[in-house]
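Residue strings, one per chain:
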Amino acid sequence: MKRRLLAVSTAWFAAGLLVGPLGIEVGHAQPLLAVEARFLDGSTFGGSFWADYDRDRLVDLAEIGRTRTRSGQELLIARIRRNRLHADTTLTDPETAPFVFAVGSVIPVFGETLEPVWLADADWGDDNLDGWPDIVVTGSTSLEPPYQPHTALYRNLPLGPEQADRFLWPIETELPHAYGGSVAWGDCDNDGDPDLLLTGIRDDGTYFSEIYENEGDDRFLARGQNLVGVAHGDAAWADYDNDMDLDLVLTGMTSTGAFYSGVLDNDGRCTLTESISSLPDLAFSSVDWGDVDSDGDLDLLVAGARRSPLLADAATRIFRNDAGMLVDLQHELAEPTFFGNARFADHDNDGELDVVTTGLMPFFSDSIASTQLYTNAGGEMLPAANDCFSCEPLPNLAFGSVSFVDLDGDDDLDVLLTGERSDGSIAATLFKNNVNNRGRPDIPLDEFPDPLNYPPRTVTGLSAAVEQDRVVLSWQPAADSLLAPPAGITRPAGLTYNLRVGSLQGRRDIMSPLSLDSGKRLIVAIGNAGSNHSWRIVGLQPGRYYWTVQAIDHSY
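So, here's what we can say about the structure. These numbers come from a predicted model, not from an experiment. (Residues numbered from 1 in each chain as written. Predicted model: local features only at pLDDT ≥ 70, side-chain atom pairs only at ≥ 80, totals over all residues. Heavy atoms only, no water.)

Our next topic: the packing of aromatic side chains. In this structure the tally under the stated criterion is 15 aromatic pairs. With 6.0 Å between their ring centres and 80° between their planes, Phe45 and Phe339 make a pair best called edge-to-face. Pair noted here: Phe45 is in strand 2 (residues 44-51) and Phe339 is in strand 22 (residues 338-345), with a separation of 294 residues, a long-range link. Accessibility expressed as a relative area gives 22% for Phe45, which makes it partly exposed. Measuring from centroid to centroid gives 5.8 Å for Phe338 and Phe339, while their planes differ by 40°, and the two rings are tilted. Owing to a relative accessible area of 10%, Phe338 belongs among the buried residues under this scheme. Relative accessible area serves as the criterion here: at 25%, Phe339 is assigned to the partly exposed category. A network of ring pairs unites the aromatic residues Phe45, Trp118, Tyr147, Tyr179, Phe259, Phe284, Phe338, Phe339 and Phe399 as a single cluster. Cation over ring: Arg166 sits above Trp132, and NZ or CZ is 3.6 Å from the ring centre. The positively charged end of Arg202 is found above the aromatic ring belonging to Phe208, 4.1 Å away from the centroid. (Phe/Tyr/Trp six-rings, centres within 6.5 Å; stacked < 30°, edge-to-face > 60°. Helix = DSSP H or I, 4+ residues; strand = E, 2+ residues; numbered from the N terminus. Buried < 20%, exposed > 50% of the residue type's maximum accessible area, 1.4 Å probe, protein only. Lys NZ or Arg CZ within 6 Å of the ring centre and 35° of its normal.)

Here we take up the pattern of salt bridges. Tallying each qualifying case throughout the model produces 16 salt bridges. Linking Asp54 and Arg82 is a salt bridge whose minimum nitrogen-to-oxygen distance equals 2.6 Å. Of the two residues, Asp54 is situated in the loop between strand 2 and strand 3 (60-68) and Arg82 in strand 4 (residues 74-83); the sequence distance between them amounts to 28 residues. Given the relative accessible area of 18%, Arg82 is considered buried. Linking Asp328 and Arg317 is a salt bridge whose minimum nitrogen-to-oxygen distance equals 2.6 Å. Of this pair, Asp328 sits in strand 21 (residues 325-328) while Arg317 sits in strand 20 (residues 313-322), and the two are 11 residues apart along the sequence. No difference in accessibility class separates Asp328 from Arg317, as the two residues are buried. Because the salt bridges share partners, they merge into one network encompassing Arg66, Arg68, Glu74 and Glu420. (Salt bridge = Lys/Arg side-chain N within 4 Å of Asp/Glu carboxyl O.)

In this section: the sheet that holds strand 12 (residues 207-216). The strand order across the open sheet built from four strands is 10-11-12-13, with neighbouring strands paired in antiparallel fashion. Strands with a single pairing partner mark the edges of an open sheet, and in this sheet they are strand 10 (183-186) and strand 13 (219-222). Direction aside, neighbouring strands of the sheet carry axes that sit 30° apart on average. (Pairing = 2+ DSSP bridges. Axes fitted to C-alpha atoms, helices over the stretch in contact; angles between N-to-C directions.)

Let us look at the side chain of Ser142. For Ser142, the position within the fold is in the loop between strand 7 (134-140) and strand 8 (149-158). With a relative accessible area of 16%, Ser142 lands in the buried category. Side-chain polar atoms of Ser142 contact the backbone nitrogen of Gln148, separated by 3.1 Å. For Ser142, the contacting residues outside a window of four places in its chain are Leu76, Trp118, Tyr147 and Gln148. (Polar contact = N/O pair within 3.5 Å; in protein donor to acceptor, adjacent residues only side chain to side chain. Contact = heavy atoms within 4.5 Å.)

Most of strand 30 (residues 426-433) sits inside the fold, with eight of its eight residues counted as buried. Residues Ile426, Ala428, Leu430 and Lys432 point to one face of strand 30 and Ala427, Thr429, Phe431 and Asn433 to the other, with burial holding for every one of them. As paired strands, strand 29 (residues 414-420) and strand 30 are joined by six bridges and run antiparallel to one another. Of the residues in strand 30, the one forming a bridge with Glu420 is Ile426. Counting the residues between successive antiparallel strands, the hairpin from strand 29 to strand 30 contains five residues, one of them, Gly424, with a positive phi of roughly 90°.

Here we take up the nonpolar core. One broad rule of soluble globular proteins: the nonpolar side chains tend to lie buried together. Counting 36 residues, the largest nonpolar core has Trp237, Trp475, Tyr497, Leu499 and Trp535 as the members making the most contacts within it. Contributing elements (two or more residues each) for this core: strand 14 (231-238), strand 15 (247-253), strand 16 (259-266), strand 32 (470-474), strand 33 (496-502), strand 34 (534-538) and strand 35 (546-552). Contacts of Trp237, omitting those with residues within four sequence positions, involve Ala184, Trp185, Gly186, Cys188, Leu197, Ile211, Leu246, Asp247, Leu248, Leu272 and Trp289. (Core = buried A, V, L, I, M, F, W, Y, C linked by side-chain atoms within 4.5 Å.)

See below:
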């Protein structure tokens, strides 16, 4: 029986989306200003994970990992910080700090909290397709060996009749407990709901990597694909070969102590095959996807430790995507690091992805902490002058994280750096981005005659081709806003796309975009359809479906 699918004629306009990079510096503006994040703990061997989990247009924070008190006591944390930043709050005054403990997830309203862990990872995703971000967390609940592995899926539920009052409740699943690994949501089988990649070390000491298909009703089925089992690495989904399904990059250390890196191609049904690549084998690593040259395919950023017979070695490289082939440009970024984090983001709103890295930099028989900003100069990453944001020095940190987010809603990306300093203290430093108001935080953004950040233009030309139980959704390439000055426009090929598919108009029960109806994103990420102008969905039941698509630029 043929399936019917109705394409909504009005494309999804991303009103309020954090997009439209238009960076200009006027006068002596300081685009990024260091703010002591006294309202945050800072953590190591975990991370900072942002999502607007209560859908109030203010992005919230999950802090996970190991921290240290001023007295030197080590603690494990897993906290949700609810963002209450409004006109009467500031970033610097602890009395009006923008974060409070989130009701139901830290304050024990029902006696429930997130389980504190380290050697940890977490990822936000809408696993039950209700439009509210859920979070999966994995790590060790014990600071000392023997480490106690733990994995939990926390469902985003209403606290009462008011949907805005939320709490995160642990859901019983058959996901294995693990520590020292990675978690990543991604629709591996193209049926619309997010599946889960989980890696790490089980309680019996085995190293594993497994994909768990989302069967609905809190059931996850192991694919059993015999992926290389790794820990102490990183993994990320993306459709790098533009064939309308998610592929996987996987890095880490195996049970034998060997280091591993692999790019795994997806056949569209979640069967992964390792492709030929020139990636160095890495552990204690970080990976990220982004179209650094804005040519319509996703490039790969990797950072981590390499095996060396004589001394510590590391690699931090960008692999350029040439029509589905990841090409090693043989260009090492100036400060290769491991035991840290490396992330793409357009921090200066000039329409091109930049890079920030943290971690340990090998130095003969020792290693030193390093944090480095690289600015994109026509596809080449160059260290920022004086290693600073407009002469605001970057703290050198290791064992921590880099996370970009528009914390204050002024349409430019702020950055939170966490990690351990060389003196052993654990820090959290927020760099507030003022590029969108020319370094004048005292002047409201809406008082400028020419706002600096606009969403991309509306996507047009929506069409659908149906064959048995699958459909291919297609659209015309979008463009960044015509209101933007040319120097700040993301090239059309550099845009990514985000789909919402539902059984009723406005619903997202087939494929969730993790965006509000206005288009404002609930997470900071590329679109779920990547750089494609078409996307395939399989397994649809007979019926009528509604879909929309939005364009996302390098400011997400």
